[in-house]
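Per-entry structural report
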Amino acid sequence: MTTASESPYVEGVHLRRTDENVREIAALASVLGEPTGLDGLLDDLKYDVRRARVVPRLLGRAVREAYRWDDYDERDEQWYPQGISTSADSSDTEDIGGRRVVVTTWYSTGRDGVKRGSRVTFVDLDSGKYRHVLLVSPVFDKTGRLTLRPMKIHAGGIVWAGPYLHVAATGRGFVTARVDDIMRVAGDDDHPDRFGIEGSTLYSYGHRYVLPVRFTYQAFADEGHEKLRYSFMSLDRRSEPPALLAGEYALDPDATTRLARYELDPATWQLASGDDGFSRPLAIDEGGVRQMQGAVLAGGRYHVTVSHGPWMPGSVFAGRPGSMRERRWALPMGPEDLTYWPSTDRIWSLTEHPRRRWIVSMDRRFFD
């Protein structure tokens, strides 16, 4: 890794955490009741995730395992999958109460004229069930009344670190929620187009569960530097200290393609910060590739996904920044974020396009 100075941290860009939404989340719980948390959600999964209809290697040369969503989510044009993390990121044992769990993000396209924000989806690989959870922001208005806003971010990546979900928010930085705050909405499966709080009733675009965001890590840049775009994120749990890796998607040939590593405090799974309250990167590498959709460190090397559109299989670039080797046809069309499952030595990803949506795992050694 390269650094810009003798300091353990790199100057130029930084993040600053906002105050925690303690009062707002408590007020939301007074409307919905005590949070069910992750355990309650995992005991109430609804939809079926199934093995892909075809041999995994036909989806991509590196693919060894592939799952598909239920028929509706496989075709839905209102929501697009983006980020992925797993219980292997969250827990030393790589499971949650004996369950192997994948968490993904989706963003609302607004193609029907309604932008519903973003959501997370918990998938139990062992039971073959999953359920969506809408990300929300509870806010007090000027009169002190509790209101609800959808979390309108692209959610291009997610890191599940301990009890926290860190979700990429591009130019804003990233937002953080706590899985213990998952709350159940009574009966809202019947109201897919309504949102907000009306008296003692909450509507959440048809989602039975909501997850309020606790705080935001806001992105800033020092004078003379360009603010980092948090397009995607992953966890490097095996480094010392553990680190959060963030990177930039870039279509414009003049745009930056930086990869940044931030120190995580393993006691809290929040970013380490200095006396000034800022979190600065441990390292920034300029040698990313154009149109990166996700990046993860595994086996001592970077692995980066690149999409070639909705009809051509995706690529994985592997190696050191600035000298990565492309492996074409490694993934199905439209690959997004990446995460690593150490005990199986597999890298996981997911694809976004309707009717071509899969959750897939790849043998890391394929890229050696």
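Residues numbered from 1 in each chain as written. Predicted model: local features only at pLDDT ≥ 70, side-chain atom pairs only at ≥ 80, totals over all residues. Heavy atoms only, no water.

Overview of the overall build of the chain
- Looking only at helices and strands, one finds five helices and 29 strands in the chain.
- At 20 Å, the chain has a C-alpha radius of gyration in line with the 21 Å of a compact globule built from 368 residues.
- Within the span of the chain, comprising 368 residues, buried residues form 61% of the whole.
- Taking all contacts inside the chain whose residues are at least 6 apart in sequence as the whole, residues at least 24 apart take part in 61%.
- As presented, the chain carries roughly 15,000 Å² of accessible surface, and 46% of it is formed by carbon and sulfur atoms.
- Here the chain contributes 49 positive and 53 negative side-chain charges, whose respective centroids are spaced 6 Å apart. (Helix = DSSP H or I, 4+ residues; strand = E, 2+ residues; numbered from the N terminus. Rg over C-alpha atoms; globule rule 2.2 N^0.38 Å. Buried < 20%, exposed > 50% of the residue type's maximum accessible area, 1.4 Å probe, protein only. Contact = heavy atoms within 4.5 Å. Areas by Shrake-Rupley, 256 points an atom, 1.4 Å probe, with all protein chains shown as cover. Lys, Arg positive; Asp, Glu negative; His and termini not counted. Charge placed at Lys NZ, Arg CZ, Asp CG, Glu CD.)

Quick word on the sheet that holds strand β29 (residues 359–363)
- Overall, antiparallel pairing links the five strands, which are arranged β3-β4-β29-β28-β27 in an open sheet. Because the sheet does not close on itself, it has two edges, and the strands there are β3 (50–51) and β27 (335–341).
- When strand β4 (residues 63–68) meets β29, the two strands line up antiparallel, connected through four bridges. Its bridge partner lying in β29, E65 is registered against S361. (Pairing = 2+ DSSP bridges.)

Regarding the side chain of D89
- Here D89 is to be found in helix α5 (residues 87–90).
- Here D89 is buried and forms no salt bridge, its nearest opposite-charge partner R237 lying at an N-O distance of 5.7 Å.
- Within the local environment of D89, its side chain forms a polar contact with the side chain of S85, the two groups lying 2.6 Å apart.
- Those residues in contact with D89 that lie beyond four places of it in its chain are W160, A161, L235, R237, T339 and Y340. (Salt bridge = Lys/Arg side-chain N within 4 Å of Asp/Glu carboxyl O. Polar contact = N/O pair within 3.5 Å; in protein donor to acceptor, adjacent residues only side chain to side chain.)

A word on the sheet that holds strand β24 (residues 301–306)
- Reading across the sheet, the four strands line up as β23-β24-β25-β26 and stay open at both edges, with antiparallel pairing between neighbours. Two strands in the sheet have a free side with no partner beyond their single neighbour: β23 (292–298) and β26 (325–331). Neighbouring strand axes in the sheet, compared pairwise and without regard to direction, differ in orientation by 25° on average.
- Bridge count between strand β25 (residues 314–319) and β26: four bridges; the pairing is antiparallel. In the sheet register, G314 faces β26, and the bridge partner there is L331. (Axes fitted to C-alpha atoms, helices over the stretch in contact; angles between N-to-C directions.)

Quick look at unusual backbone geometry
- In the segment running from E240 into P241, the intervening peptide bond is cis, with an omega of 0°.
- Among the secondary structure elements, P241 is positioned in the loop between β17 (232–236) and β18 (243–247).
- For A155, which is not a glycine, the phi torsion comes out positive at approximately 55°.
- Residue placement: A155 occurs in the loop between β9 (146–150) and β10 (158–161).
- Phi at W269 is positive, roughly 60°, even though this residue is not glycine.
- A relative accessible area of 12% means that W269 is categorised as buried.

Structural notes on the nonpolar core
- Among the nonpolar cores identified, the biggest contains 31 residues, and L28, V123, L202, V210, W348 and I359 are the most heavily contacted of them.
- Among the elements that line this core, the one with the most residues is helix α1 (residues 22–32), at five residues.
- Once you skip the residues sitting within four places of it in the chain, L28 turns out to touch V136, P138, L146, L148, M183, L202 and P212.
- L41, I158, W160 and L165 belong to the second largest nonpolar core, which has 26 residues in total. (Core = buried A, V, L, I, M, F, W, Y, C linked by side-chain atoms within 4.5 Å.)

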